[in-house]
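Here is what each chain is made of, one letter per residue.
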Amino acid sequence: MKYLKSIITVSAIAFTLSLSAQSNVQTIEETTYKNYQIERNGADSFYTLKIESMRDEVVALEKSDRYDLNQDRVNKTDKVTKRISIDADNDGIYDRMITMSYDSEAEDSFSIVPSTDGFLITVVGEEIEYNLLKKDYEIEKKYVDLFDIMLSETK
(Lines give C-alpha, C1' and ligand atoms only; values in the text may rest on other atoms or scores of the structure.)
Protein backbone atom coordinates (compact mmCIF):
# COMPACT_ATOMS: atom_id res chain seq x y z
CA MET A 1 0.00 0.00 0.00
CA LYS A 2 2.86 2.31 0.86
CA TYR A 3 4.45 1.70 -2.56
CA LEU A 4 1.16 2.30 -4.36
CA LYS A 5 0.79 5.75 -2.74
CA SER A 6 4.38 6.59 -3.69
CA ILE A 7 3.86 5.53 -7.30
CA ILE A 8 0.65 7.59 -7.58
CA THR A 9 2.34 10.63 -6.01
CA VAL A 10 5.38 10.42 -8.30
CA SER A 11 3.12 9.96 -11.34
CA ALA A 12 1.03 13.00 -10.40
CA ILE A 13 4.14 15.16 -9.94
CA ALA A 14 5.62 13.99 -13.26
CA PHE A 15 2.34 14.71 -15.06
CA THR A 16 2.10 18.21 -13.54
CA LEU A 17 5.69 19.03 -14.48
CA SER A 18 5.19 17.82 -18.05
CA LEU A 19 2.14 20.08 -18.43
CA SER A 20 3.96 23.14 -17.12
CA ALA A 21 6.93 22.45 -19.40
CA GLN A 22 4.65 22.82 -22.43
CA SER A 23 3.94 26.50 -21.82
CA ASN A 24 3.45 28.60 -24.96
CA VAL A 25 4.34 31.89 -23.26
CA GLN A 26 7.69 33.58 -23.78
CA THR A 27 8.70 36.42 -21.40
CA ILE A 28 11.02 39.21 -22.58
CA GLU A 29 12.48 41.62 -20.03
CA GLU A 30 14.34 44.89 -20.65
CA THR A 31 15.57 47.76 -18.44
CA THR A 32 16.25 51.32 -19.64
CA TYR A 33 17.49 54.40 -17.76
CA LYS A 34 16.67 57.99 -18.78
CA ASN A 35 17.81 61.29 -17.25
CA TYR A 36 15.80 64.50 -17.61
CA GLN A 37 15.72 67.99 -16.18
CA ILE A 38 12.82 70.23 -15.32
CA GLU A 39 12.73 73.89 -14.31
CA ARG A 40 11.21 74.43 -10.84
CA ASN A 41 11.00 77.91 -9.32
CA GLY A 42 13.75 79.24 -11.58
CA ALA A 43 16.20 76.39 -10.86
CA ASP A 44 16.86 73.26 -12.87
CA SER A 45 16.00 69.98 -11.17
CA PHE A 46 17.17 66.66 -12.48
CA TYR A 47 15.34 63.36 -12.25
CA THR A 48 16.06 59.82 -13.34
CA LEU A 49 13.63 57.24 -14.72
CA LYS A 50 14.25 53.51 -14.61
CA ILE A 51 11.91 51.73 -17.04
CA GLU A 52 11.55 47.99 -16.59
CA SER A 53 9.61 46.31 -19.37
CA MET A 54 8.17 42.79 -19.26
CA ARG A 55 6.37 41.36 -22.27
CA ASP A 56 4.58 38.01 -22.19
CA GLU A 57 4.35 36.77 -25.77
CA VAL A 58 2.04 33.90 -26.62
CA VAL A 59 3.69 31.61 -29.14
CA ALA A 60 1.08 30.22 -31.53
CA LEU A 61 1.61 28.50 -34.86
CA GLU A 62 -0.62 27.95 -37.88
CA LYS A 63 -2.50 24.64 -37.65
CA SER A 64 -2.14 24.13 -41.40
CA ASP A 65 1.70 24.16 -41.01
CA ARG A 66 1.56 21.61 -38.20
CA TYR A 67 3.99 19.08 -39.72
CA ASP A 68 6.23 21.52 -41.61
CA LEU A 69 9.81 22.06 -40.54
CA ASN A 70 9.70 25.88 -40.60
CA GLN A 71 6.44 27.30 -39.33
CA ASP A 72 5.14 30.86 -39.21
CA ARG A 73 3.91 32.39 -35.97
CA VAL A 74 0.39 33.72 -35.61
CA ASN A 75 0.36 37.30 -34.33
CA LYS A 76 -1.50 37.60 -31.04
CA THR A 77 -1.79 40.41 -28.52
CA ASP A 78 0.86 40.41 -25.82
CA LYS A 79 0.50 41.33 -22.16
CA VAL A 80 2.96 44.16 -21.43
CA THR A 81 3.92 45.46 -17.99
CA LYS A 82 6.00 48.63 -17.62
CA ARG A 83 7.39 49.62 -14.23
CA ILE A 84 8.63 53.23 -14.22
CA SER A 85 10.68 54.11 -11.12
CA ILE A 86 11.22 57.83 -10.50
CA ASP A 87 14.16 59.35 -8.61
CA ALA A 88 13.18 63.02 -8.35
CA ASP A 89 15.85 64.16 -5.87
CA ASN A 90 18.94 62.37 -7.29
CA ASP A 91 19.80 60.56 -4.07
CA GLY A 92 20.06 57.17 -5.77
CA ILE A 93 16.84 55.89 -4.18
CA TYR A 94 13.72 55.76 -6.31
CA ASP A 95 10.90 57.81 -4.76
CA ARG A 96 7.84 56.70 -6.70
CA MET A 97 6.85 53.90 -9.00
CA ILE A 98 4.24 53.70 -11.76
CA THR A 99 3.23 50.21 -12.85
CA MET A 100 1.29 49.97 -16.10
CA SER A 101 -0.23 46.85 -17.67
CA TYR A 102 -1.85 46.75 -21.08
CA ASP A 103 -2.40 44.56 -24.12
CA SER A 104 -0.31 45.34 -27.16
CA GLU A 105 0.33 44.08 -30.67
CA ALA A 106 3.75 42.73 -31.65
CA GLU A 107 5.12 46.22 -32.26
CA ASP A 108 4.83 48.17 -29.01
CA SER A 109 4.57 51.95 -29.37
CA PHE A 110 5.86 53.13 -25.97
CA SER A 111 7.75 56.38 -25.44
CA ILE A 112 8.52 58.84 -22.67
CA VAL A 113 9.29 62.51 -23.38
CA PRO A 114 9.85 65.35 -20.92
CA SER A 115 7.18 68.03 -20.47
CA THR A 116 7.10 71.29 -18.53
CA ASP A 117 5.80 69.66 -15.33
CA GLY A 118 7.10 66.11 -15.63
CA PHE A 119 6.87 63.73 -18.56
CA LEU A 120 4.45 62.35 -21.13
CA ILE A 121 4.07 58.62 -21.56
CA THR A 122 2.74 57.54 -24.96
CA VAL A 123 1.36 54.01 -24.97
CA VAL A 124 -0.49 52.45 -27.91
CA GLY A 125 -1.07 55.93 -29.34
CA GLU A 126 -2.59 57.36 -26.13
CA GLU A 127 -0.91 59.91 -23.84
CA ILE A 128 -0.60 59.81 -20.07
CA GLU A 129 0.85 62.89 -18.40
CA TYR A 130 2.73 62.48 -15.12
CA ASN A 131 3.21 65.64 -13.02
CA LEU A 132 6.30 65.51 -10.79
CA LEU A 133 5.13 68.34 -8.55
CA LYS A 134 1.64 66.92 -7.93
CA LYS A 135 2.99 63.33 -7.92
CA ASP A 136 0.00 62.23 -9.99
CA TYR A 137 -0.92 61.32 -13.55
CA GLU A 138 -3.71 62.42 -15.88
CA ILE A 139 -5.39 60.32 -18.51
CA GLU A 140 -8.48 61.03 -20.59
CA LYS A 141 -11.57 59.29 -19.23
CA LYS A 142 -12.31 57.44 -22.47
CA TYR A 143 -8.91 55.66 -22.29
CA VAL A 144 -9.08 54.55 -18.65
CA ASP A 145 -10.14 51.01 -19.61
CA LEU A 146 -7.10 50.47 -21.87
CA PHE A 147 -4.59 50.46 -19.00
CA ASP A 148 -4.20 49.13 -15.50
CA ILE A 149 -2.14 51.77 -13.68
CA MET A 150 -0.86 51.63 -10.12
CA LEU A 151 1.04 54.51 -8.52
CA SER A 152 3.03 53.88 -5.33
CA GLU A 153 5.50 55.66 -3.05
CA THR A 154 8.69 53.73 -2.32
CA LYS A 155 9.96 55.82 0.61
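Preceding this paragraph is the structure being described.
All of the points below concern the structure found in this document. (Residues numbered from 1 in each chain as written. Predicted model: local features only at pLDDT ≥ 70, side-chain atom pairs only at ≥ 80, totals over all residues. Heavy atoms only, no water.)

## Examining the overall build of the chain
Turning to step 1, where the next piece is worked out: The helix and strand tally for the chain stands at one helix and nine strands.
Turning to step 2, where the next piece is worked out: Tracing the chain from N to C terminus, the helices and strands come up as α-β-β-β-β-β-β-β-β-β.
Turning to step 3, where the next piece is worked out: Burial analysis of the chain (155 residues in total) assigns 29% to the buried set.
Turning to step 4, where the next piece is worked out: At a minimum sequence separation of 6, the contacts of the chain that also span at least 24 residues come to 48%. (Helix = DSSP H or I, 4+ residues; strand = E, 2+ residues; numbered from the N terminus. Buried < 20%, exposed > 50% of the residue type's maximum accessible area, 1.4 Å probe, protein only. Contact = heavy atoms within 4.5 Å.)

## Points about the sheet that holds strand S5 (residues 110-114)
Turning to step 1, where the next piece is worked out: Strand order across the open sheet formed by four strands is S5-S6-S7-S8, with antiparallel pairing between neighbours. The strands lining the two open edges of the sheet, one partner per strand, are S5 and strand S8 (136-138). Here the strands of the sheet are splayed against their neighbours by 25° on average, with no regard to which way each runs.
Turning to step 2, where the next piece is worked out: Where strand S6 (residues 118-123) and strand S7 (residues 126-131) come together, six bridges link them in antiparallel fashion. (Pairing = 2+ DSSP bridges. Axes fitted to C-alpha atoms, helices over the stretch in contact; angles between N-to-C directions.)

## Some thoughts on the side chain of Lys82
Turning to step 1, where the next piece is worked out: If you trace the backbone, Lys82 turns up in strand S3 (residues 78-87).
Turning to step 2, where the next piece is worked out: On the basis of relative accessible area, Lys82 is assigned to the buried category, the value being 7%.

## Description of the nonpolar core
Turning to step 1, where the next piece is worked out: Residues Leu49, Ile84, Ile86, Phe110, Ile112, Phe119 and Ile121 are the most contacted members of the largest nonpolar core, which totals 20 residues.
Turning to step 2, where the next piece is worked out: When contributions to this core are tallied by element, the ones reaching two or more residues are strand S1 (25-40), strand S2 (43-58), S3, strand S4 (96-104), S5, S6 and S7. (Core = buried A, V, L, I, M, F, W, Y, C linked by side-chain atoms within 4.5 Å.)

## Some remarks on the packing of aromatic side chains
Turning to step 1, where the next piece is worked out: Applying the stated criterion to the full structure yields three aromatic pairs.
Turning to step 2, where the next piece is worked out: Arranged with centres 5.7 Å apart and planes meeting at 45°, the rings of Tyr36 and Tyr47 form a pair that is tilted. Here the residue Tyr36 occupies a position in strand S1, and Tyr47 occupies one in strand S2, the gap between them amounting to eleven residues.
Turning to step 3, where the next piece is worked out: Taking the ring centre of Phe110 as reference, the NZ or CZ of Lys82 above it sits at 4.3 Å. (Phe/Tyr/Trp six-rings, centres within 6.5 Å; stacked < 30°, edge-to-face > 60°. Lys NZ or Arg CZ within 6 Å of the ring centre and 35° of its normal.)

## Points about the pattern of salt bridges
Opposite charge on two side chains allows them to pair when their charged atoms are near.
Turning to step 1, where the next piece is worked out: Counting across every chain of the model gives one salt bridge.
Turning to step 2, where the next piece is worked out: For the salt bridge of Glu52 with Arg83, the shortest nitrogen-to-oxygen distance reads 3.7 Å. Remark: Arg83 occurs in strand S3 and Glu52 occurs in strand S2; sequence separation between them is 31 residues. (Salt bridge = Lys/Arg side-chain N within 4 Å of Asp/Glu carboxyl O.)

## What about the pairing of S7?
Turning to step 1, where the next piece is worked out: Here S6 hands over to S7 after two residues, with Val124 in that stretch at a positive phi of 50°.
Turning to step 2, where the next piece is worked out: Sheet analysis places S7 next to S8, joined by three bridges and oriented antiparallel. Following the sheet pairing, Asn131 is matched in S8 by Asp136.
Turning to step 3, where the next piece is worked out: Between S7 and S8, which pair antiparallel and follow one another directly, the connecting turn spans four residues, one of which, Lys135, has a positive phi of 55°.

## A short note on the environment of Ile51
Turning to step 1, where the next piece is worked out: Relative to the assigned elements, Ile51 resides in strand S2.
Turning to step 2, where the next piece is worked out: Considering only alpha carbons, one finds Ile51 and Met97, 46 residues apart in sequence, at a separation of 9.7 Å.
Turning to step 3, where the next piece is worked out: Leaving out residues up to four positions away in the same chain, Ile51 has contacts with Glu30, Thr31, Thr32, Lys34, Arg83, Ile84, Phe110 and Ile112.

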